[in-house]
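One-letter residues, chain by chain:
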Amino acid sequence: MERREAVELLAVAPFVGALPLPPAVARRGAQFVRELLATPPQAYAPKFFSAHEWRTVRVLVDLVIPKDGRSGSATDAGVPEFMDFILVEYPDNQLWIRGGLAWLDTECRRRSGNDFVGADGGQRAAVLDDIAWPDKAPASVHQGVAFFNKFRDFTASGFWSSQMGVADIQYKGNVFVDWQGCPPDQLRKLGVSND
């Protein structure tokens, strides 16, 4: 295994822990997004998500990881495409995400009369604030809490396994700067020398 593959695996560790995802699938997902982002811009056609789910996912991932001064948003990093790829490759996880997106729309409609995408920023924030903090969440939204916890981990895994995410954490790899050898006091302690 190469260093880059190891970093990708570390980046998707929260997701791998939440889902029984084989490391090879996670690596292929990261590779898929890298190749996708390296090609000329074109509209991506999701293979798993419906058109409405796709719009919802794109809004939701950017609320989880928005653009900031250091890096782009989750959508800029290709997280929705990563999710779509993983869910096609590993279909056992399709039910929770499809059900969770439906729950999110239903909850938004109950509160505001609009689905998640159609709700305004304050309405979206109110729902997300209720499900983002498991210890503070009302019992009535426990399904939303379970969904959002997985979705947040999935988003983070996609982002930090992307080139943008690796740059965001400022990972430099195994960089050899200027090693001066073992410190003299430690050499004396061991009874050895650099000679």
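Structure: above.
Every chain is numbered independently, its residues counted from 1 as its sequence is written. It should be noted that, the model being predicted, local features are given only for residues of pLDDT at least 70 and side-chain atom pairs only at 80 or more, the latter also being counted only at that level, while totals for whole chains, interfaces and linings use all residues. Only hydrogens and water are set aside; all other atoms, that is, all heavy atoms of the structure, feed into the side-chain values.

A. Representation of the pattern of salt bridges within the structure. Throughout this description, the term salt bridge denotes a Lys or Arg side-chain nitrogen within 4 Å of a carboxyl oxygen of Asp or Glu. According to the stated counting rule, one finds 6 salt bridges in the structure shown. The shortest N-O distance in the salt bridge between Glu 81 and Arg 58 comes to 3.8 Å. Residue Glu 81 is found in helix α5 (residues 79-89), and its partner Arg 58 is found in helix α4 (residues 51-64); the two are separated by 23 residues along the sequence. Under the scheme applied here, a residue whose accessible area is under 20% of the maximum for its type counts as buried, over 50% as exposed, and between as partly exposed, the area being computed with a 1.4 Å probe on protein chains only. Residue classification places Arg 58 among the partly exposed positions, given a relative accessible area of 30%. For Arg 111, the salt bridge goes to Glu 107, with nearest N and O atoms at 2.8 Å. With Arg 111 and Glu 107 both in helix α6 (residues 94-112), this residue pair falls 4 residues apart, about one helical turn. Relative accessible area serves as the criterion here: at 34%, Arg 111 is assigned to the partly exposed category. Each helix is a run of DSSP H or I of at least 4 residues and each strand a run of E of at least 2, with the numbering of both proceeding from the N terminus.

B. The arrangement of the packing of aromatic side chains in detail. Under the pairing criterion, centres of Phe, Tyr and Trp rings, with the six-membered ring standing for Trp, must be within 6.5 Å; the plane angle then separates stacked pairs below 30 degrees from edge-to-face pairs above 60, leaving the rest tilted. For the structure on display, the rule yields 8 aromatic pairs. Relative to Phe 151, the ring of Phe 147 lies with its centre 5.5 Å away and its plane at 40°, an arrangement referred to as tilted. You can see Phe 147 and its partner Phe 151 sitting in helix α8 (residues 142-160), 4 residues apart, about one turn around the helix. Of the two residues examined, Phe 147 and Phe 151, each falls in the buried class. A centroid spacing of 5.0 Å and a plane angle of 85° characterise the contact between Phe 159 and Trp 160, whose relative ring orientation is edge-to-face. Under the relative-accessibility criterion, Phe 159 is labelled buried at 1%. Site record: aromatic cluster; members linked through ring pairs are Phe 82, Trp 96, Phe 147, Phe 151 and Phe 154.

C. Structural context of the nonpolar core. Ranked by size, the top nonpolar core spans 35 residues in total, and within it Phe 49, Ile 97, Leu 104 and Phe 151 carry the most contacts. Whether two residues touch is decided by their heavy atoms; if any such pair falls within 4.5 Å, the residues are in contact. Those residues in contact with Phe 49, other than ones at most four positions away along the chain, are Trp 54, Val 57, Pro 80, Met 83, Asp 84, Leu 87, Ile 97, Arg 98 and Leu 101. In these notes, a set of buried Ala, Val, Leu, Ile, Met, Phe, Trp, Tyr and Cys residues joined through side-chain atoms within 4.5 Å is what counts as a nonpolar core.

D. Fine view of α5. Buried residues dominate α5, accounting for 9 of its 11 residues. For α5, the complete set of buried residues consists of Val 79, Pro 80, Glu 81, Phe 82, Met 83, Asp 84, Phe 85, Ile 86 and Leu 87.

E. Summary view of the packing of α4 against α6. Across the interface, α4 lies against α6 with an axial gap of 11 Å and an inter-helix angle of 80°. Between α4 and α6, the crossing angle belongs to the class labelled roughly perpendicular. Contact residues: α4 offers His 52, Glu 53, Thr 56, Val 57 and Leu 60, while α6 offers Arg 98, Leu 101, Leu 104 and Asp 105. The class makeup of the residues in the contact of α4 with α6 is 4 nonpolar, 2 polar and 3 charged. The angle between two axes is taken between their N-to-C directions and runs from 0 to 180 degrees, where each axis is a line fitted to C-alpha atoms and a helix contributes only its stretch in contact. Every angle not falling under 35 degrees, over 145, or within 65 to 115 is termed oblique; those three ranges are roughly parallel, roughly antiparallel and roughly perpendicular. Classification used: nonpolar for Ala, Val, Leu, Ile, Met, Phe, Trp, Tyr, Cys and Pro, charged for Asp, Glu, Lys and Arg, polar for all others including Gly.

F. Broad picture of the packing of α6 against helix α7 (residues 121-132). Where α6 contacts α7, the axes come no closer than 10 Å and their chain directions differ by 120°. Here α7 runs oblique to α6, going by the angle between their axes. For α6 against α7, the interelement crossing comes out right-handed. For the pair formed by α6 and α7, the contact residues are Trp 103, Leu 104, Glu 107, Cys 108, Arg 111 and Ser 112 on the first element and Gln 123, Ala 126, Val 127, Leu 128, Asp 130 and Ile 131 on the second. Of the residues that constitute the contact of α6 with α7, the class distribution is 7 nonpolar, 2 polar and 3 charged. By definition, turning the near helix anticlockwise from the far helix through less than a right angle yields a left-handed crossing, and turning it clockwise yields a right-handed one.

It is worth stressing that arrangement in space is one thing and function is another; only the former is reported here.
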